[in-house]
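# What the coordinates show
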Amino acid sequence: MKVMKFGGTAVGSVESILNVKKIVEACNEPAVVIVSALGGITDKLIQTSELAEKGDIKYLDAYEEMVERHQQMIEAVIPAGTKREQLLETVNALLADLKSIYQGVYLIKDLSEKTQNVIVSYGERISSNIVTALIEGAQRYDALDFIKTEKKQGRDELQTELTNTLVNKAFEHFESKHKVAIVPGFIATDRQTGEVTNLGRGGSDYTASLIAAALDANVLEIWTDVDGFMTADPRVINTAYTIDKLSYVEAMELCNFGAKVVYPPTIYPVCIKNIPILIKNTFHPEAPGTIIEQNCGDNTRAIKGISSITGTSLINVSGLSMVGVIGVNRRIFSVLAENGISVFMVSQASSENSTSIGVRGEDAAKACEVLNAEFAKEIETGAMYRMKVESDLATVAVVGENMKHTPGIAGKLFGTLGRNGISVIACAQGASETNISFVVEGKSLRKTLNVIHDSFFLSEYQVLNLFICGVGTVGGSLIEQIAGQRERLMKERGLKLNVVGIASGHNAIFCREGIDLSTYREELKKGAPGSIERLKEEVIGMNIFNSVFVDCTASAEVASLYHDFFEHSISVVAANKVAASSAYENYAKLKEMARKRGVKFLFETNVGAGLPIINTINDLKNSGDNILKLEAVLSGTLNYIFNTISGEIPFSRTVRLAKEEGYAEPDPRIDLSGKDVIRKLVILSREAGYRINQEDVEAHLFIPAELFEGDIEQFWSRLDELDADFEARRKVLEKEHKRWRFVARLVDGKATVALEEVSEHHPFYDLEGSNNIILITTERYHDYPMLIQGYGAGASVTAAGVFADIMSIANI
């Protein structure tokens, strides 16, 4: 025999209630079916009673809506004939009784608890009659006859022993007489007075569990409107999926902290009888659902699921008199219990001078009031402080029995939250290690759930959310590379790069779910105007987890946003050199801020495009080596110019070619002035451990200063004046087997840039095209410096370097 429970949504519409009929009639064994009221009817019953209590005649309209709802359901699912007529007669009689009760409440304008209990019982009493008539061969059993409660401390509590006895008696001959029994859930009667009571909201699950345990059923099936327990709330995390197996303990923990799949008291009665619970979807019956049993046999994941409670308030009970005093906690919880205030989380400092308790937001004021009254004498003498309450919070529970077998879960959990800028206000964990509970700000809940779900492999993919600023040659190439690699990364690495924002110099688009990279340029044209202020507000305001801001611009305004991004735990990957080469104090502040917030500030492509220069220097420093000297050719543009110059191609022509080939800036004077190389040398010197600013670099220009004055057109018109001098000097170099290289040096803390002549035996001599090269002399690499050489310019290699920085963040 099995016990099946169908909730309000399952019997709430014509389609769903006919699904119930199919499911039950397909059973090949006797079944006891517990049903809730039609979806929304219990709330409607309560709302109508409140209108009547206020003396509002509109209660009649609300009542008539319920009458119409039930009659329409009967006419839709029960064929015309004797059965329908008999059912209508029964239901109309119940509705007439209900109307009489409402009229009484309306006349005396009073609604007692006893009357309210009677009113809300009509939902299940009516629905159970409808389902009995609908299912072939079904017999109705009235829960009012065998589910018994007793009043204790003002609450109706189940009388388990008496209920078990009466259930067994009621169903003594069930299997021999009927195949299907229909029972109204939720409702009960007082064992002494016989007055109608109930098992609380969600009590239909409890009714089903009590009957299953009393009758030693093979299984308890809870039919609802979801496929089972989910790894997290799918309304918040769209990658949440159904958990196939849970233990009783895991299910109980998830239910207690907000997972509304099963009413929490439901689990205990079947747990002690070792009866499995199967959660199924009435609207998707072919789905396997979630099975809950003693030994679920699933050891693949330490964490099974995440649940949360919104509207949490945290009350802090503190005072020096609490230290070492026995009985303080007893007084706290006793006075709260006496006033009907439920505590769902407790966190106490080991010093015993403070205890934080989590309560529902609506209970916070009353809880503070009764606690202040309980400890009034201690507060008056200063031995304790008045209660402090923090509101607008959320409580999160991470649940899984395998956590106790997995070292480091708590460390990873809180480390992950910290790196994403989520502050934990209070936390609690029992010795069983089945549940780690903690409190965060309510506004951080979505981000918190996504971070945990992603980090603990509850999601199919690890997700990195990217904001890309700049869609020029580098930014555009980066987006193409991401689009081309996404599928491979998801398949081979379990990594999903989700571009949630793209900004150009004119427009910007943002989408939390991700932007379609195949059409981003069209969408960007239609996007709202982009500004620095909007960029900042959108990136920070999205408050999305695992977020990275990727700067592919050369804008000082964009670089000025890094500090704010670090403050909000957003990592930054920059092709933009402005921040790392800015005033040393700003550079150091940004590095320290990123370190403190546990995020990354990566700018490998600031020097050498995709060459691993900065990472190598950092590795050397981090391993205890000291950088003694740097010698480098860092300008792909200048190297291209001095490799291209010849007897046939004069200097002025090489500059124009560099611009046409995309190596030079639109204004090539930036390259020719050596400013770009100076910035790169400053960045490398700082990463090597030296405090250097741009003005500290000694620059030797190879072009007259007057050519840098005036506008760009004047520069182009005068550039060929230099050709004769350069050609004469070039001929001399050619005879001496030497070449020009614009060399950046750091020696003994002194930085210089200059055009130098290098011989054919020098490592810089054969440097081709726009390549870069660097020699790094350290205490370890002293006699034979480390050499790094390769492409030092170009959109694709620079974008690849940015991509590599992004991937290094994903690998944290």
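For the structure, see preceding data.
Predicted model, so just to flag it, every value in this text is computed and none were measured.

With that out of the way, let us pick up empty space enclosed by the protein. Scanning the entire structure with this criterion turns up 2 cavities of 30 Å³ or more. A volume near 40 Å³ is recorded for the largest cavity. As for the largest cavity, its lining consists of Lys447, Val539, Ile540, Asn543, Ile544, Ser547, His568 and Ile570. Class assignment for the residues of the lining of the largest cavity results in 4 nonpolar, 3 polar and 1 charged. For the second largest cavity, the calculated volume is near 30 Å³. In terms of lining, the second largest cavity is formed by Phe467, Ile468, Cys469, Gly501, Ile502, Ala503, Phe510, Leu535 and Phe549.

This part is about unusual backbone geometry. Residues other than glycine seldom take positive phi values, yet Asp392 does so here, at roughly 55°. With respect to the secondary-structure elements, Asp392 resides in strand E16 (residues 388-399). Under the relative-accessibility criterion, Asp392 is labelled exposed at 67%.

The full count for this structure, using the stated rule, is 39 salt bridges. Across the pair Arg140 and Asp142 runs a salt bridge whose closest N-O atoms are separated by 3.9 Å. Taking the shortest distance from any N to any O, the salt bridge between Glu736 and Lys738 comes out at 3.7 Å. What makes Glu736 partly exposed here is its relative accessible area of 42%. Given the relative accessible area of 29%, Lys738 is considered partly exposed. Each of Lys577, Asp676, Arg679 and Lys680 takes part in a single network of salt bridges with overlapping partners.

It is worth spelling out the packing of helix H3 (residues 59-77) against helix H4 (residues 82-108) at this point. Axis angle and axis distance: for two packed helices, these are the angle between their axes and the distance between the axes, and together they describe the pair. Two elements in contact, H3 and H4, have axes separated by 11 Å at closest approach and are oriented at 170°. In terms of their interaxial angle, H3 and H4 are classed as roughly antiparallel. From H3, Tyr59, Leu60, Tyr63, Glu64, Met66, Val67, Gln71, Ile74 and Glu75 reach across to H4, where they touch Arg84, Leu87, Leu88, Val91, Asn92, Leu95, Ala96, Leu98, Lys99, Tyr102, Gln103 and Tyr106. Residue classes in the contact of H3 with H4 are distributed as 14 nonpolar, 3 polar and 4 charged.

With that settled, the discussion passes to helix H18 (residues 532-542). Among the residues of H18, Arg534, Leu535, Val539, Ile540 and Met542 are the ones counted as buried. With its phi angle positive at about 50°, Asn543 sits one or two positions after the end of H18.

What follows concerns helix H2 (residues 41-53). Here H2 spans 18 Å end to end across 13 residues, near enough to the 18 Å set by a 1.5 Å rise per residue. For H2, the set of buried residues is Ile41, Thr42, Leu45, Thr48, Ser49 and Ala52. Axial view of H2: buried residues confined to an arc of 125°, hence all on one face. Contacts from the buried residues of H2 go to H3, H4 and helix H5 (113-134).

Rules behind the numbers
- Residues numbered from 1 in each chain as written.
- Predicted model: local features only at pLDDT ≥ 70, side-chain atom pairs only at ≥ 80, totals over all residues.
- Heavy atoms only, no water.
- 1 Å grid on protein atoms, 1.4 Å probe; cavity = no way out; pocket = protein on both sides within 12 Å on 5 of 7 lines; lining within 4 Å.
- Points joined across faces, edges and corners; volume = space filled by probe spheres on them.
- Nonpolar A, V, L, I, M, F, W, Y, C, P; charged D, E, K, R; others polar.
- Helix = DSSP H or I, 4+ residues; strand = E, 2+ residues; numbered from the N terminus.
- Buried < 20%, exposed > 50% of the residue type's maximum accessible area, 1.4 Å probe, protein only.
- Salt bridge = Lys/Arg side-chain N within 4 Å of Asp/Glu carboxyl O.
- Axes fitted to C-alpha atoms, helices over the stretch in contact; angles between N-to-C directions.
- Parallel < 35°, antiparallel > 145°, perpendicular 65-115°, else oblique.
- Contact = heavy atoms within 4.5 Å.
- Expected span 1.5 Å × (residues − 1).
- Arc of directions from axis to C-beta.

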